Amino acid sequence: MDPEERLNLGSHLSVAGGAWKALDEAIELELTSLQIFTKNASRWVQKPIDPAAIEKWHAGRARWEEGAPSPRRVVSHTSYLINLGSPKDELFEKSCAALTDELARAGQLGLHGVVQHPGAHVGSGVEAGIARIAEGARRALDATEGGPKLLLENTAGAGSTIGRTFEELRDLVAQIDRPGRVAVCLDTCHLYASGYDLRDADAYAATMTELEAHLDLSLVECWHLNDSRGELGSNLDRHEHIGEGRIGVEGFRLLLDDPRFHGVPKILETAKEDDGDRRNLAVLRALVEA
Ligand SMILES: [Zn+2]
């Protein structure tokens, strides 16, 4: 495998001014994977993507992928408003419709998948929450047959959020019961905040043993690379620059070196100020060259 493709670094890039602009930035940053929003993440509804914008996107993609040894994965991240776990019917219905729209938009752009925080049970309990999320996810997937995958992201474990453990992710995948349409996106900050240590070889190995005990590793189709501002098990969802948080560079070196995840997109969601992407990418690339 080509070393850059094996590493497969990406970032969540802005689509201000048009989604294709993210592709130009991806070329500039030499990224081989990418995450975007396909709509404003803090709004429920938005007008459909303009056909001209879809064309520009595909042209930009051809530019970005020119000469690439293999097709590249682009994912979108869903709106933060969606909660498929809500016991309230109105919010649940709105969430189902919004996820269906997210999958349809991602499909128009030919994206690999849609990353989504599973949801929160808001007092109804984990079991009821998982069943509710599974029902909503199934509905959205069935309404977009043949479309992008739903990538369930693990959470930092704050409040009543579901997906804080590998067991919960396993139960969600099983209950959604749409093999081939559901996979998992693991966020290093969220793992650490929910109590999975990654800081050194022993801790990393123990976390991966735990992961493999509950989930088929082929289901891990995306990583989010974020260091953590909060302590181990703090349930705090605060992303930090790579190596500047509680996880530290060694945890990221272990992950990048792990052949089980070679070729899987590893996407930054860290702050953009002061050339943040460039700095974090340099740190990550230096780790595998060392
Ligand atoms: Zn994330």
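Described in the following lines is the structure provided in the data block.

## Some points on the side chain of Thr 78
Turning to step 1, where the next piece is worked out: One can find Thr 78 in the loop between β3 (74-77) and α4 (89-108).
Turning to step 2, where the next piece is worked out: A polar side-chain atom of Thr 78 sits 3.0 Å from a polar atom in the side chain of Gln 116.
Turning to step 3, where the next piece is worked out: Look past the residues within four positions of Thr 78 in its chain and what remains in contact with it is Phe 37, Leu 99, Glu 102, Val 114, Val 115 and Gln 116.

## Focus: empty space enclosed by the protein
Turning to step 1, where the next piece is worked out: Per the stated rule, a full pass over the model turns up one cavity of 30 Å³ or more.
Turning to step 2, where the next piece is worked out: Estimates place the volume of the largest cavity at around 40 Å³.
Turning to step 3, where the next piece is worked out: Lining the largest cavity are Thr 188, Leu 198, Tyr 204, Trp 223, Ile 247, Gly 251, Phe 252 and Leu 255.
Turning to step 4, where the next piece is worked out: Ranked by the residues each element gives to the lining of the largest cavity, the list is headed by helix α9 (residues 249-257), at three residues.
Turning to step 5, where the next piece is worked out: Among the residues forming the lining of the largest cavity, the class breakdown is six nonpolar, two polar and no charged.

## With respect to the nonpolar core
Turning to step 1, where the next piece is worked out: Formed by 68 residues in total, the largest nonpolar core has its most connected members in Leu 34, Trp 57, Trp 223, Leu 225, Phe 261 and Leu 284.
Turning to step 2, where the next piece is worked out: Not counting residues within four places of it along the chain, the set of residues in contact with Leu 34 comprises Gly 10, Ser 11, Leu 13, Ala 22, Leu 23, Trp 57, Trp 64, Arg 73, Val 74, Val 75 and Ile 267.
Turning to step 3, where the next piece is worked out: In this structure, Val 115, Leu 151, Ala 183 and Ile 267 belong to the second largest nonpolar core, which totals seven residues.

## Side note on the coordination of the zinc ion
Turning to step 1, where the next piece is worked out: Taken together, Glu 153 (OE), Asp 187 (OD), His 224 (ND1) and Glu 269 (OE) make up the full set of protein donors to the zinc ion, lying 2.1 to 2.2 Å away.
Turning to step 2, where the next piece is worked out: Around the zinc ion, the four donor atoms are arranged such that angles at the metal cover 85 to 175°; this shape is classified as irregular.

## A few points about the packing of α4 against helix α5 (residues 126-143)
Turning to step 1, where the next piece is worked out: At a closest axis distance of 9 Å, the pairing of α4 and α5 adopts a crossing angle of 40°. Crossing hand, α4 versus α5: right-handed. Contacts between α4 and α5 involve Asp 89, Phe 92, Glu 93, Cys 96, Leu 99, Thr 100 and Leu 103 from the former and Arg 132, Glu 135, Gly 136, Ala 137, Arg 139, Ala 140, Leu 141 and Ala 143 from the latter.
Turning to step 2, where the next piece is worked out: Looking at the contact of α4 with α5, its residues break down into eight nonpolar, two polar and five charged.

Reading the values: the criteria
- Residues numbered from 1 in each chain as written.
- Predicted model: local features only at pLDDT ≥ 70, side-chain atom pairs only at ≥ 80, totals over all residues.
- Heavy atoms only, no water.
- Helix = DSSP H or I, 4+ residues; strand = E, 2+ residues; numbered from the N terminus.
- Polar contact = N/O pair within 3.5 Å; in protein donor to acceptor, adjacent residues only side chain to side chain.
- Contact = heavy atoms within 4.5 Å.
- 1 Å grid on protein atoms, 1.4 Å probe; cavity = no way out; pocket = protein on both sides within 12 Å on 5 of 7 lines; lining within 4 Å.
- Points joined across faces, edges and corners; volume = space filled by probe spheres on them.
- Nonpolar A, V, L, I, M, F, W, Y, C, P; charged D, E, K, R; others polar.
- Core = buried A, V, L, I, M, F, W, Y, C linked by side-chain atoms within 4.5 Å.
- Buried < 20%, exposed > 50% of the residue type's maximum accessible area, 1.4 Å probe, protein only.
- Donors = N, O, S within 2.8 Å, 3.2 Å for Na, K, Ca; no water.
- Tetrahedral: all angles 85-135°; square planar, octahedral: opposite > 155°, others 65-115°.
- Axes fitted to C-alpha atoms, helices over the stretch in contact; angles between N-to-C directions.
- Left-handed = near helix turned anticlockwise from the far one by under 90°.

By themselves, these are just geometric observations and shouldn't be taken as functional.
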